Amino acid sequence: NATQTVFGEGTIRARAMLVGEQPGDVEDEEGRPFVGPAGALLRKVMGEVGLREREVYLTNAVKHFKWRPKGTRRIHDTPNWTEIRACDVWLRLELSTVQPELLVLLGATAAKAVLGGKARVTQLRGSVLERPEVEVPVVVTLHPSAVLRAGDQRAERRAELVEDLTIVREQLDGRARTSAARRQAVPWARAVTVMTIRSTKGITR
Ligand code: URA
């Protein structure tokens, strides 16, 4: 069993929301997303492409660490569809509260959670997508863990992650900030979601 629920983290003014799969071992201990090895790589690549932490909100499709024992270690186990669906309400609340300009889906679980079970990272990565499943433009890219696990192809996979996060940077640079206008259009939705989510710890104002 997971130690705790790991909610998203970042400012309500974040311009991009980055969604991973689920917290890992370190995240489960610390109660914060992307603070383990995959998070270190993600934050490094973000720095390389000029994405500042205050511009992004980091979260996961599933909010608990799913694992199986291997000796004394806790090994990551991929969340199933029921677990992804169970956490969907949280992701939707995070999205409607933060109202980012861009949604970045890191890896297959996040892509499937938002775009449906048929979504494939290799087919979808490399551009900004407008999709009917979600109101905001989407960039799909590799999960940083997939880069770390890529063995001989690590440099190549890392370059793809850099390329996709560069697209995120360019998209944010090319766009006026529109979230204020969107918020005014749905004031009741924002009020409800802010009230609901206020008790969670990750969002700073
Ligand atoms: N992998 C994820 O998908 N999310 C985290 O928070 C850490 C590792």
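This structure is a prediction, so every number in the text was calculated from the model and none was measured.

In the vicinity of the ligand, the contacting residues are Gly20, Glu21, Gln22, Pro23, Gly24, Glu27, Pro33, Phe34, Asn60 and His143. A distance of 2.9 Å separates an oxygen atom of the ligand from a polar atom in the backbone of phenylalanine 34. In this structure, an oxygen atom belonging to the ligand sits 2.6 Å away from a side-chain N or O atom of histidine 143. Residues that form the shell around the ligand fall into these classes: three nonpolar, five polar and two charged.

As a further point, take the packing of aromatic side chains. Overall, the coordinates contain one aromatic pair when judged by the stated rule. Look at phenylalanine 7 and tryptophan 90: their rings are 5.2 Å apart centre to centre, the planes differ by 65°, and that puts the pair in the edge-to-face class. Here phenylalanine 7 is found in the segment before β1 (10-11), whereas its partner tryptophan 90 is found in helix α3 (residues 81-98), with 83 residues between them in sequence. The partly exposed category is assigned to tryptophan 90, whose relative accessible area is 28%. When the ring centre of tryptophan 67 is taken as origin, the NZ or CZ atom of arginine 74, which lies over that ring, is 5.3 Å away.

In this section: the pairing of strand β2 (residues 16-20). Summarising burial for β2: five of the five residues are buried, a large majority. Neither face of β2 is open: one carries Ala16, Leu18 and Gly20, the other Met17 and Val19, and all of them are buried. As paired elements, β2 and strand β3 (residues 56-60) share five bridges and run parallel to each other. Among the inter-strand pairings, alanine 16 is bridged to a residue of β3, identified as valine 56.

Basis of the calculations
- Residues numbered from 1 in each chain as written.
- Predicted model: local features only at pLDDT ≥ 70, side-chain atom pairs only at ≥ 80, totals over all residues.
- Heavy atoms only, no water.
- Near = heavy atom within 4 Å.
- Polar contact = N/O pair within 3.5 Å; in protein donor to acceptor, adjacent residues only side chain to side chain.
- Nonpolar A, V, L, I, M, F, W, Y, C, P; charged D, E, K, R; others polar.
- Phe/Tyr/Trp six-rings, centres within 6.5 Å; stacked < 30°, edge-to-face > 60°.
- Helix = DSSP H or I, 4+ residues; strand = E, 2+ residues; numbered from the N terminus.
- Buried < 20%, exposed > 50% of the residue type's maximum accessible area, 1.4 Å probe, protein only.
- Lys NZ or Arg CZ within 6 Å of the ring centre and 35° of its normal.
- Pairing = 2+ DSSP bridges.

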